[in-house]
Amino acid sequence: MTHQPTAPGASAAPGRGTARPGASAAVPPAPREAPGAEPGPGGTASPKRPPAPRGPGRRGARRGGARAPGHGGWTPWLYLAPALAVLGALLVYPVYQLGLISLLEYTQAQVSGGRPTSFQGLGNYAALFRDPQFRQVLLATVLFAAACVVTTLAVGCALAVLLTRVRAVPRLALMLAALGAWATPAVTGSTVWVFLFDPDFGPVNRVLGLGDFSWTYGRYSAFALVLSEVVWCSFPFVMVTVYAGIRAVPAEVLEAAALDGASTWRTWRSVTAPLLRPILLVVTIQSVIWDFKVFTQIYVMTGGGGIAGQNLVLNVYAYQKAFASSQYSLGSAIGVVMLLILLAVTLVHLRLVRRQGEEL
């Protein structure tokens, strides 16, 4: 079998070893097929194009295709649904009822059905702020809570620093003592402190040589006694939290400050405290909320607010208005005022956190 000679410039057809007779020399050679290419018209391969996006435009497809982690539609809300239901039942509905009662005339006469309930609007709040005793109690509550917060933070931070400088056995003993104070119920702790400072049988007066001095008789001495008990049962939270934060501070930073000759106070103020700012903000806002709502210590240690109400705070004042005087609407209005004050403090805290660029 003889083979026909190939004409000069003729290209062989794909898959054949010889050129066809009379083939034109101007036919260019077939390009190589790129990976994933499809044969085009005339036997040439054309590159494979990605399919056109479907849906509302390319921009919408591009945005919808790359979603950030955690944006799974309704899935996160399904996981949060049980917790939201519990919060709604235990928090939202009581707050709604509190606000509703504060807008009504709701006394013992309405509770017993002797008189119909009438809508007062902001009348209860107006009567509340016209009351000079309420303004006095509000100021006393703010000052007392501020003193408790500052003292609690000072004692807790000082003991946290002390924990980093003592050996294991004293550290363990201090931890156990602090956690014991923290775990003590408020009623029990208040009763014990009243006994310790009792003018007749208390050991504190005997040790200090104060005789029959009554701590709960004077206004400021009673507040000081209650403040001591509040700090005693609150500082363990600050101490443990700040101690954990100090342990997380890199040792190289503290060693560098020591090599530079910084004192303990200077190291805390210039190195440790700035690194612990997020933790200090958390313990501060928690202390503000707890100390602003003090009830048990005042009620137990001063006998319901002290002599002639000289040691009243907002929580005890609301209790007296609502249950001792049967003015439930005024008591609810005091509760709403406390809620708004604490909400404002919380919002200020969140703003400070966002301003510093920290994650919530």
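Residues numbered from 1 in each chain as written. Predicted model: local features only at pLDDT ≥ 70, side-chain atom pairs only at ≥ 80, totals over all residues. Heavy atoms only, no water.

Quick notes on the overall build of the chain
Across its full length, the chain holds 15 helices and four strands. Long-range contacts, defined here as pairs at least 24 residues apart, represent 61% of the contacts in the chain between residues at least 6 apart. Here the chain displays about 23300 Å² of accessible surface, and carbon together with sulfur accounts for 64% of that area. (Helix = DSSP H or I, 4+ residues; strand = E, 2+ residues; numbered from the N terminus. Contact = heavy atoms within 4.5 Å. Areas by Shrake-Rupley, 256 points an atom, 1.4 Å probe, with all protein chains shown as cover.)

Focus on helix 7 (residues 186–196)
Residues three or four positions apart in an α-helix share a direction because the helix packs 3.6 residues into each turn. Listed as buried for helix 7 are Gly189, Ser190 and Trp193. Down the axis of helix 7, the smallest arc covering the buried residues is 100 degrees, so these residues share one side. Summarising the contacts, the buried residues of helix 7 are in contact with helix 9 (219–247) and helix 13 (296–301). (Buried < 20%, exposed > 50% of the residue type's maximum accessible area, 1.4 Å probe, protein only. Arc of directions from axis to C-beta.)

Topic: the packing of aromatic side chains
Per the stated rule, a full pass over the model turns up 16 aromatic pairs. Both rings, one in tyrosine 93 and one in tyrosine 96, keep their centres 6.4 Å apart while their planes meet at 40 degrees; by these two values the pair is tilted. One end of the pair, tyrosine 93, and the other, tyrosine 96, are both in helix 2 (residues 75–102), three residues apart, so they sit about a helical turn from each other. For tyrosine 93, a relative accessible area of 48% gives the class partly exposed. Among the aromatic side chains, those forming a connected cluster through ring pairs are Tyr106, Phe295, Tyr299, Tyr319, Phe323 and Tyr328. (Phe/Tyr/Trp six-rings, centres within 6.5 Å; stacked < 30°, edge-to-face > 60°.)

Here we look at the side chain of serine 190
With respect to the element layout, serine 190 can be found in helix 7. Those residues in contact with serine 190, other than ones at most four positions away along the chain, are Glu229, Thr296, Gln297, Val300 and Met301.

So, the environment of serine 221
Relative to the elements of secondary structure, serine 221 occurs in helix 9. Apart from the residues lying within four places of it in its own chain, the contact partners of serine 221 are Phe213, Ser214 and Trp215. A polar side-chain atom of serine 221 sits 2.7 Å from the main-chain carbonyl oxygen of tryptophan 215. (Polar contact = N/O pair within 3.5 Å; in protein donor to acceptor, adjacent residues only side chain to side chain.)

What about a nonpolar patch on the surface?
Nonpolar side chains collect at one region of the surface, where Trp74, Trp77, Leu78, Leu80, Leu84, Leu87, Leu91, Val92, Val95 and Leu339 lie side by side and expose about 1100 Å² of accessible area between them. No other element matches the eight residues that helix 2 contributes to the nonpolar patch. By the secondary structure assignment, leucine 80 is in helix 2. (Patch = residues over 30% accessible without salt bridge, like charges linked within 9 Å, V, L, I, M, F, W, Y side chains within 5 Å. Salt bridge = Lys/Arg side-chain N within 4 Å of Asp/Glu carboxyl O.)

Here's the deal with the side chain of serine 326
Take serine 326: it is sitting in the loop between helix 14 (314–324) and helix 15 (328–355). Residue contacts for serine 326: discarding those within four places in its chain leaves Tyr106, Thr107, Gln108 and Lys321.

Remarks on the pattern of salt bridges
Two side chains bearing opposite charge may form a pair once their charged atoms approach each other closely. Enumeration over the complete set of coordinates arrives at one salt bridge. Note that glutamate 105 is salt-bridged to arginine 115, the shortest N-O span being 3.3 Å. Taken together, the residues glutamate 105 in strand 3 (residues 104–105) and arginine 115 in the loop between helix 3 (108–112) and strand 4 (118–119) connect sequence positions ten residues apart. Classification of arginine 115 by relative accessible area gives partly exposed; the value is 47%.

So, the environment of leucine 196
With respect to the helices, strands and loops of the structure, leucine 196 is situated in helix 7. Residue contacts for leucine 196: discarding those within four places in its chain leaves Gly202, Pro203 and Val204.

Some words on the confidence of the model for the chain
The predicted model of the chain has a mean per-residue pLDDT of 80, with 78% of residues at 70 or higher. Taken together, the stretch residues 33–38 has pLDDT below 50 and engages in ten contacts with residues farther than four places along the chain or on a different chain. With pLDDT under 50 throughout, residues 55–65 is counted as low confidence; its partners more than four residues away or in other chains account for two contacts. (pLDDT = per-residue confidence, 0-100.)

What to know about helix 6 (residues 168–183)
For helix 6, built from 16 residues, the straight-helix expectation of 22 Å at 1.5 Å per residue is met to within 8% by its first-to-last C-alpha distance of 22 Å. Those residues of helix 6 that are buried lie in contact with helix 5 (132–163) and helix 9. (Expected span 1.5 Å × (residues − 1).)

Looking at the nonpolar core
Judged by nonpolar contacts, the single largest core of 34 residues is most densely connected at Leu128, Phe134, Phe144, Ile298, Leu314 and Ile334. Looking at this core, the elements that each hand over two or more residues are helix 4 (123–130), helix 5, helix 9, helix 13, helix 14 and helix 15. Residues in contact with leucine 128, not counting those within four places in the same chain, are Phe134, Leu330, Ala333, Ile334 and Val337. Core analysis: the next-biggest nonpolar cluster, separate from the first, contains 22 residues, Leu163, Ala178, Phe237 and Met239 among them. (Core = buried A, V, L, I, M, F, W, Y, C linked by side-chain atoms within 4.5 Å.)

A closer look at the packing of helix 5 against helix 12 (residues 277–292)
Between two packed helices, what matters for the description is the angle formed by their axes and the separation of those axes. At a closest axis distance of 9 Å, the pairing of helix 5 and helix 12 adopts a crossing angle of 140 degrees. As summarised for this structure, helix 5 and helix 12 are arranged oblique, according to the angle between their axes. Between helix 5 and helix 12 lies a crossing whose hand is right-handed. Contacts between helix 5 and helix 12 involve Thr141, Val142, Ala145, Cys148, Val149, Thr152, Leu153 and Cys157 on the former and, on the latter, Leu280, Val283, Thr284, Ser287, Val288, Asp291 and Phe292. (Axes fitted to C-alpha atoms, helices over the stretch in contact; angles between N-to-C directions. Parallel < 35°, antiparallel > 145°, perpendicular 65-115°, else oblique. Left-handed = near helix turned anticlockwise from the far one by under 90°.)

Concerning unusual backbone geometry
Apart from glycine, the bulk of residues carry a negative phi angle, and the bulk of peptide bonds sit in the trans form. The backbone of alanine 308 sits at a positive phi, close to 55 degrees, despite the residue not being glycine. Positive phi, close to 60 degrees, is recorded for serine 326, a residue that is not glycine. With relative accessibility at 19%, the residue serine 326 sits in the buried group.

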